[in-house]
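Working through the structure, step by step
Chain by chain, the residues run as shown.
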Amino acid sequence: MTNLLFQTDAYVKEFDATVTAVEGNAVALDRTAFYPGGGGQPNDVGMLTAGGQTWAVSKVRKANNEVWHEVDGEPPAVGAGVRGIIDWDRRYWLMRTHTAMHILCGVIFRDYGASVTGGNMEPLKGRMDFEFESMRQELVREIEAKINVEVAAARPTRVKILPREEAFQIPDLIRTKINLLPEGIAEVRTVEIVGLDLQADGGTHVANTSEVGAIRVVDYKSKGKINKRIEIEIGT
Ligand SMILES: [Zn+2]
C-alpha cells in the first residue's frame, strides 16, 4: 500500500522512496508525492533518480492501493531507493486550477443554488458542468467578478481525513453527493475553502485562494435546458 504524501501535504516537490514492485515499465513505491489522477485532475509527471541514473515518469496511476509510476527504459529493481521529483510548474498550475474550480462551484451554489454534475481540468484551464437552468450569457461577467472576489478574499483551504460516518453527517458533503462514494471506503478526505465550499475530494489544492490569481470565464455553453458548461482559465 503506497503512502500518499500529496493527500496531507500538496507542497511536497521531492521525496525519497523504496521500490516495492515492478511490472513491465511501471514501478510501485512505498510512498509517493506523484498524484495518480482522479476527480478531474490529471496525473503528475516528473522523474525518478537513483545512483546517477534518471527515469522520466510519463504516467502515474493507482490500482489496488498501489501507485504505479510508468518510466522510460529499464526500471529500477525491487528494493531500490529512489528519489522522486515532481514536474512542479505543471503540478502547481494544476493545484491553482483545481482550487479555482472549487471557487467556481462554491460561488455558483451559494449565489444561484446550482449543483455541479462534472468537470475536467488541464494546467491553467478547466470546465465544469452544472444543473443551472437560469444560467445565461449575461451572467458570465457577474460570475467572473464574484469568483475573483473570493480570490481577493484570500480564503485559506483546509484538508481533513474523516471517518466515513462523521463525513456523512456534514450537510455540505451530502449536497455534493457523498452518498455516491463506494461502500468499502472507510475514510473520506475533505477539502474546504473556509467560508465558501466543502467537498469530498482527493485532489491537490493551494493553501490559500490568493495563490490562484485572476480567473477568467472564457466560455459558456448551454448543453440543454438544465445543463450548462462554464470554462475558466488562469494565468501563469
Ligand atoms: Zn475537486
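Residues numbered from 1 in each chain as written. Predicted model: local features only at pLDDT ≥ 70, side-chain atom pairs only at ≥ 80, totals over all residues. Heavy atoms only, no water.

The subject of this paragraph is the coordination of the zinc ion. Binding of the zinc ion to the protein goes through His 98 (NE2), His 102 (NE2) and Asp 201 (OD), at separations of 2.0 to 2.1 Å. Sequence spacing of the donor residues for the zinc ion, all on one chain, is H-x3-H-x98-D. With His 98 in helix H2 (residues 88–112) and Asp 201 in the loop between strand S13 (197–200) and strand S14 (215–222), this residue pair connects regions lying 103 residues apart in the sequence. (Donors = N, O, S within 2.8 Å, 3.2 Å for Na, K, Ca; no water. Helix = DSSP H or I, 4+ residues; strand = E, 2+ residues; numbered from the N terminus.)

A few words on the environment of Glu 133. By the element assignment, Glu 133 lies in the loop between strand S10 (125–131) and helix H3 (140–152). Apart from residues no more than four positions distant in its own chain, Glu 133 is found in contact with Lys 225, Ile 226 and Lys 228. Side chain to side chain, Glu 133 and Lys 225 meet in a polar contact 2.4 Å long. (Contact = heavy atoms within 4.5 Å. Polar contact = N/O pair within 3.5 Å; in protein donor to acceptor, adjacent residues only side chain to side chain.)

So, about the sheet that holds S10. Taken in spatial order, the 4 strands line up as S9-S10-S15-S14 in an open sheet, and their pairing is antiparallel. The sheet is open, and its two edges are formed by strand S9 (115–122) and S14, each paired on a single side. Taken pair by pair, the neighbouring strands of this sheet meet at an average axis angle of 20°, ignoring direction. In the sheet, S10 pairs with strand S15 (residues 227–234) via 7 bridges, with the strands oriented antiparallel. Each residue of the ladder has a partner; that of Lys 125, found in S15, is Glu 233. Together, S9, S10, S14 and S15 form the strand contacts of H2, whose direction differs from that of S10 by roughly 25°. The strands touched by H3 within the sheet are S14 and S15, with S14 carrying the most contacts at an inclination of about 145°. (Pairing = 2+ DSSP bridges. Axes fitted to C-alpha atoms, helices over the stretch in contact; angles between N-to-C directions.)

Moving on, we get to the environment of Thr 54. Considering the arrangement of structural elements, one finds Thr 54 in strand S6 (residues 53–63). Setting aside its immediate chain neighbours within four residues, Thr 54 contacts Met 47, Leu 48 and Thr 49.

For the rest of this paragraph, the subject is the pattern of salt bridges. Side chains bearing opposite charge may pair, as long as their charged atoms lie close to each other. Scanning the entire structure with this criterion turns up 17 salt bridges. The partner of Arg 141 in a salt bridge is Glu 144, with the nearest N and O atoms 3.2 Å apart. Here Arg 141 and its partner Glu 144 are both found in helix H3, 3 residues apart, which amounts to about one turn of the helix. On the basis of relative accessibility, which here comes to 16%, the residue Glu 144 falls in the buried class. Close ionic contact of Asp 219 with Lys 221 constitutes a salt bridge, the shortest N to O distance being 3.0 Å. Classification of Asp 219 as partly exposed rests on a relative accessible area of 29%. (Salt bridge = Lys/Arg side-chain N within 4 Å of Asp/Glu carboxyl O. Buried < 20%, exposed > 50% of the residue type's maximum accessible area, 1.4 Å probe, protein only.)

Before going further, it helps to examine H3. For H3, spanning 13 residues, the distance from its first C-alpha to its last is 19 Å, which sits close to the expected 18 Å at 1.5 Å a residue. Among all positions in H3, only Val 140, Ile 143, Glu 144, Ile 147, Glu 150 and Val 151 are buried. Looking straight down H3, one finds that the buried residues subtend no more than 120° of arc, so they occupy a single side. Projecting away from the buried face of H3 at angles above 90 degrees are the exposed residues Val 149 and Ala 152. Contacts from the buried residues of H3 go to H2, S14 and S15. (Expected span 1.5 Å × (residues − 1). Arc of directions from axis to C-beta.)

Let's shift gears to the nonpolar core. Most often, soluble globular proteins keep nonpolar side chains buried together rather than apart. In terms of nonpolar packing, the biggest core is built from 33 residues, with Ile 103, Leu 104, Ile 143, Ile 215 and Ile 230 touching the most fellow members. Within the residue set of this core, elements represented by two or more residues are H2, S10, H3, S14 and S15. The biggest single contributor to this core is H2, with 10 residues. Apart from the residues within four sequence positions on either side, Ile 230 is in contact with Leu 104, Ile 108, Gly 126, Arg 127, Met 128, Phe 130, Met 135, Ile 143, Val 217, Asp 219 and Tyr 220. Ala 17, Val 27, Leu 48 and Val 60 belong to the second largest nonpolar core, which has 21 residues in total. (Core = buried A, V, L, I, M, F, W, Y, C linked by side-chain atoms within 4.5 Å.)

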